[in-house]
Amino acid sequence: MKIQQDRFRHSKGYVLEYEVSEPETVSSPYLHILFHGFSRIEKHVPPVFARKQWKQAAQSVCLSFSDPIHRFTQDSCCGWFLLGEEEFVPKMYDLRATLLERHGLKATVWHGLSSGGYAALKHCMRAGGDDLAFVIAPHNDPTVLPQWDREAKPFADLPGMAAPETMTDIIKDWAAPDAGRCLHALVSEKDSYFALEHLRPIMRSLKGHESARAAMLRDERGHGFVKDADYDSQLRDAISRWETYRELHSSRSVSASE
């Protein structure tokens, strides 16, 4: 396994750190991109990378990002990957394209939990591929969260800090006729706030579209806690549904063009 850590630099001095893991034998035809969620500084030494929780991770090409807020200040544990976004995002997408081409991969699975789920779903939408967003308790509107006032608002006026957007606005064109992307969202059993106030508006905005699915885990856990076995089984189901949907979407596209 080849593991490389590097960083992108912003003109204002921020850094976006990332880790690429490339196995000698790649069994997954997909690139997996991971965004971590809320991370308490006292428990971590930056960079902070999301934990890989599925069985085939060791045979998959993975790209993990660490929120730039961690290197800028110890007073925030959660930045929604907004710091320096206007310069970092093109570099993120270029790196994604490089890894897809290098390994002959078909598409990207975007992983994220909580604020990382917000980032993963946003970039799945904006990167422009027929990709899969595999997200856990993603935020819809970060500004209504208690941690927004503590973790983001004090830094809102920093040069290069992107403004938060409501996810329902970001994904308003999710189900466009030419799109083959899919969403698989999870929420834990005792995570009712995120289920009702964040995931429900996202799913309602998609109006039952066949490309999107949400599931509650009967795991007796709260926000941010998912069993590895549940993560693995749900990811396998999500990829299977996504593959079927993409084949169907491709067939429809060919028929429409004839």
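Residues numbered from 1 in each chain as written. Predicted model: local features only at pLDDT ≥ 70, side-chain atom pairs only at ≥ 80, totals over all residues. Heavy atoms only, no water.

Scanning the protein chain for helices and strands turns up seven helices and eight strands. At 18 Å, the protein chain has a C-alpha radius of gyration in line with the 18 Å of a compact globule built from 258 residues. Seen through its C-alpha atoms, the protein chain measures out along the principal axes to roughly 55 × 40 × 35 Å. The 258 residues of the protein chain split such that 54% are buried. A fraction of 74% describes how many contacts in the protein chain between residues 6 or more apart in sequence connect residues 24 or more apart. (Helix = DSSP H or I, 4+ residues; strand = E, 2+ residues; numbered from the N terminus. Rg over C-alpha atoms; globule rule 2.2 N^0.38 Å. Buried < 20%, exposed > 50% of the residue type's maximum accessible area, 1.4 Å probe, protein only. Contact = heavy atoms within 4.5 Å.)

For the rest of this paragraph, the subject is the nonpolar core. Membership of the largest hydrophobic core comes to 79 residues, with the highest contact counts inside it found for Phe-65 and Leu-183. The element best represented in this core is helix α2 (residues 85-103), accounting for seven residues. Excluding anything up to four places from it in sequence, Leu-183 contacts Leu-121, Leu-132, Ala-133, Val-135, Trp-174, Ile-202, Met-203, Leu-206, Ser-211, Ala-212 and Arg-213. (Core = buried A, V, L, I, M, F, W, Y, C linked by side-chain atoms within 4.5 Å.)

Applying the stated rule across the entire model yields zero disulfides. No disulfide involves Cys-78; its nearest neighbouring cysteine sulfur is the one of Cys-77, lying 8.1 Å away. The exposure class assigned to Cys-78 is buried, which follows from its relative accessible area of 2%. In this model Cys-182 remains outside any disulfide bridge; the closest cysteine sulfur is found in Cys-124, 8.8 Å from its own. (Disulfide = S-S within 2.5 Å.)

Here the structure, examined in full by the defined rule, presents 12 aromatic pairs. Relative to Phe-81, the ring of Phe-35 lies with its centre 5.0 Å away and its plane at 85 degrees, an arrangement referred to as edge-to-face. Highlighted residues: Phe-35 in strand β3 (residues 30-35) and Phe-81 in the loop between α1 (69-72) and α2, separated in sequence by 46 residues. For the pair Phe-35 and Phe-81, one class covers both residues: buried. Ring geometry for Phe-72 and Phe-155: centres 6.4 Å apart, planes at 90 degrees, overall edge-to-face. You can see Phe-72 sitting in helix α1 and its partner Phe-155 sitting in the loop between α4 (146-151) and α5 (167-170), a full 83 residues away along the chain. When the ring centre of Trp-174 is taken as origin, the NZ or CZ atom of Arg-181, which lies over that ring, is 5.1 Å away. (Phe/Tyr/Trp six-rings, centres within 6.5 Å; stacked < 30°, edge-to-face > 60°. Lys NZ or Arg CZ within 6 Å of the ring centre and 35° of its normal.)

On to empty space enclosed by the protein. A complete count under the given rule lists one cavity of 30 Å³ or more for this structure. Around the largest cavity, the lining residues are Leu-16, Phe-35, Pro-68, Phe-81, Leu-83, Glu-85, Phe-88, Val-89, Met-92 and His-123. Counting residues per element, the lining of the largest cavity draws most heavily on α2, at four residues. Of the residues that constitute the lining of the largest cavity, the class distribution is eight nonpolar, one polar and one charged. (1 Å grid on protein atoms, 1.4 Å probe; cavity = no way out; pocket = protein on both sides within 12 Å on 5 of 7 lines; lining within 4 Å. Points joined across faces, edges and corners; volume = space filled by probe spheres on them. Nonpolar A, V, L, I, M, F, W, Y, C, P; charged D, E, K, R; others polar.)

Another aspect to go through is the pairing of strand β1 (residues 2-9). Strand direction decides the pairing type here: β1 and strand β2 (residues 15-22), joined by eight bridges, are antiparallel. Residue pairing for β2: Ile-3 is matched across the bridge by Ser-21. Hairpin connection, β1 to β2: the antiparallel pair is bridged by five residues, and Gly-13 has positive phi, about 100 degrees. (Pairing = 2+ DSSP bridges.)

Bridge count for strand β7 (residues 182-188) against strand β8 (residues 212-217) is six bridges, and the pairing is parallel. Of the residues in β8, the one forming a bridge with Ala-185 is Ala-214. You can see the chain leave β7, run along helix α6 (residues 192-205) and come back into β8, and the turn it takes is right-handed. (Right-handed = clockwise from strand over helix to strand, strands pointing away.)

Let us now look at the side chain of His-198. Relative to the assigned elements, His-198 resides in helix α6. Of the residues examined, His-198 reaches a relative accessible area of 0% and is grouped as buried. For His-198, the side chain forms a polar contact with the main-chain nitrogen of Asn-140, separated by 2.9 Å. Ignoring sequence-local partners within four residues, the contact set of His-198 consists of Pro-138, His-139, Asn-140, Asp-141, Val-144, Leu-145 and Tyr-193. (Polar contact = N/O pair within 3.5 Å; in protein donor to acceptor, adjacent residues only side chain to side chain.)

Of the pockets and cavities examined, the largest pocket occupies roughly 800 Å³. If you trace the largest pocket, you find 28 residues lining it, with Gly-37, Phe-38, Ser-39, Leu-113 and Gly-224 closest to the centre. At the level of secondary structure, the elements contributing two or more residues to the lining of the largest pocket comprise β3, β5 (107-113) and α4. Here the residues of the lining of the largest pocket are counted per class, giving 11 nonpolar, 11 polar and six charged. Lining of the second largest pocket is provided by 14 residues; of these, Ser-28, Trp-54, Gln-56, Arg-236 and Ile-239 occupy positions nearest its centre.

With respect to topology, eight strands assemble into an open sheet ordered β1-β2-β4-β3-β5-β6-β7-β8, the strand pairing being mixed. A single partner strand is all that each edge strand has here, and the edge strands are β1 and β8. Put simply, the sheet's adjacent strands are angled 15 degrees from each other on average, direction ignored. Against the sheet, α2 touches β1, β2, β3, β4 (61-66) and β5, its axis set at about 10 degrees to β2. (Axes fitted to C-alpha atoms, helices over the stretch in contact; angles between N-to-C directions.)

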